[in-house]
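# Per-entry structural report
Here's the letter readout for the chains.
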Amino acid sequence: MARSEGKKTVPPGEAPRVIDQGSVWILVAAPSIWAAHFLLSYWVAAIWCAKLGRGTALAEPRWIIAALGALCIAVIAGLAALAIRRYGGVFVIFEEITESSERARDKFIGHVALLLCVLSAVAILFTVIPGMVLGQC
């Protein structure tokens, strides 16, 4: 890989901090998108049911929640692609990163970001499923 050839090993304690590299946003973006989808979904359903009353069909909110879910999963897929491309993230559950270098730190960020993207996408699916199953308020 051409990217790893340019990286040099940095002794522990002298490596730049993750926050200083500006890469923390990729770690919090996917869970933040999931949280926003969760809140928007429940707000849409709650407002719909509060305005129209008990026993009202949930056809329109169902598609709003599904469309929001599809949009959020697409954005999370983009974040996952970024984690793979920029940070070299791989979907391996028990990956061992033992060296203290800038490349190992990037790989760790990519690995964690990729796992958070997968977890957030699954959480969004589990938020959409009740909206698809429930028929009325």
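Because the structure is a prediction, the values reported are computed rather than measured.

This part takes up the environment of I97. Assignment of secondary structure puts I97 in the loop between helix 3 (59-87) and helix 4 (102-133). For I97 and F108, which are 11 residues apart along the polypeptide, the C-alpha to C-alpha distance reads 7.2 Å. Residue contacts for I97: discarding those within four places in its chain leaves A104, K107 and F108.

Bringing the state of the cysteines into the picture now. Evaluation of the coordinates by the stated rule reveals one disulfide. Put simply, C49 and C137 are joined by a disulfide, and their sulfur atoms are 2.0 Å apart. Between C49 and C137, the S-S torsion sits near -85°, and that sign places the bridge as left-handed. Here C49 is found in helix 2 (residues 25-52), whereas its partner C137 is found in the segment after helix 4, with 88 residues between them in sequence. Judged by relative accessible area, which is 22%, C49 ranks as partly exposed. With a relative accessible area of 27%, C137 lands in the partly exposed category.

Here the focus is the nonpolar core. In this structure, A30, I33, I76, L79, C117 and I124 are the most contacted members of the largest nonpolar core, which totals 13 residues. Counting only elements with at least two residues in this core, the list comes to helix 2, helix 3 and helix 4. The contact partners of C117, leaving out residues within four places of it in the chain, are A30, I76, L79 and A80. Core analysis: the second largest hydrophobic core is formed by seven residues, L82, A83, Y87 and A113 among them.

Turning to the packing of aromatic side chains, a few remarks are in order. Across all of its chains, the model carries two aromatic pairs by this definition. Their ring planes at 40° and their centres at 5.8 Å tell us that W34 and F38 sit as a pair that is tilted. With W34 and F38 both in helix 2 and four residues apart, this pair spans about one turn of that helix. With a relative accessible area of 31%, W34 lands in the partly exposed category. For F38, a relative accessible area of 35% translates into the label partly exposed. Taken together, the ring pairs in this structure connect W34, F38 and Y42 into an aromatic cluster.

What counts, and at which threshold
- Residues numbered from 1 in each chain as written.
- Predicted model: local features only at pLDDT ≥ 70, side-chain atom pairs only at ≥ 80, totals over all residues.
- Heavy atoms only, no water.
- Helix = DSSP H or I, 4+ residues; strand = E, 2+ residues; numbered from the N terminus.
- Contact = heavy atoms within 4.5 Å.
- Disulfide = S-S within 2.5 Å.
- Buried < 20%, exposed > 50% of the residue type's maximum accessible area, 1.4 Å probe, protein only.
- Core = buried A, V, L, I, M, F, W, Y, C linked by side-chain atoms within 4.5 Å.
- Phe/Tyr/Trp six-rings, centres within 6.5 Å; stacked < 30°, edge-to-face > 60°.

Interpretation note: all reported values are geometric properties and have no functional meaning in isolation.
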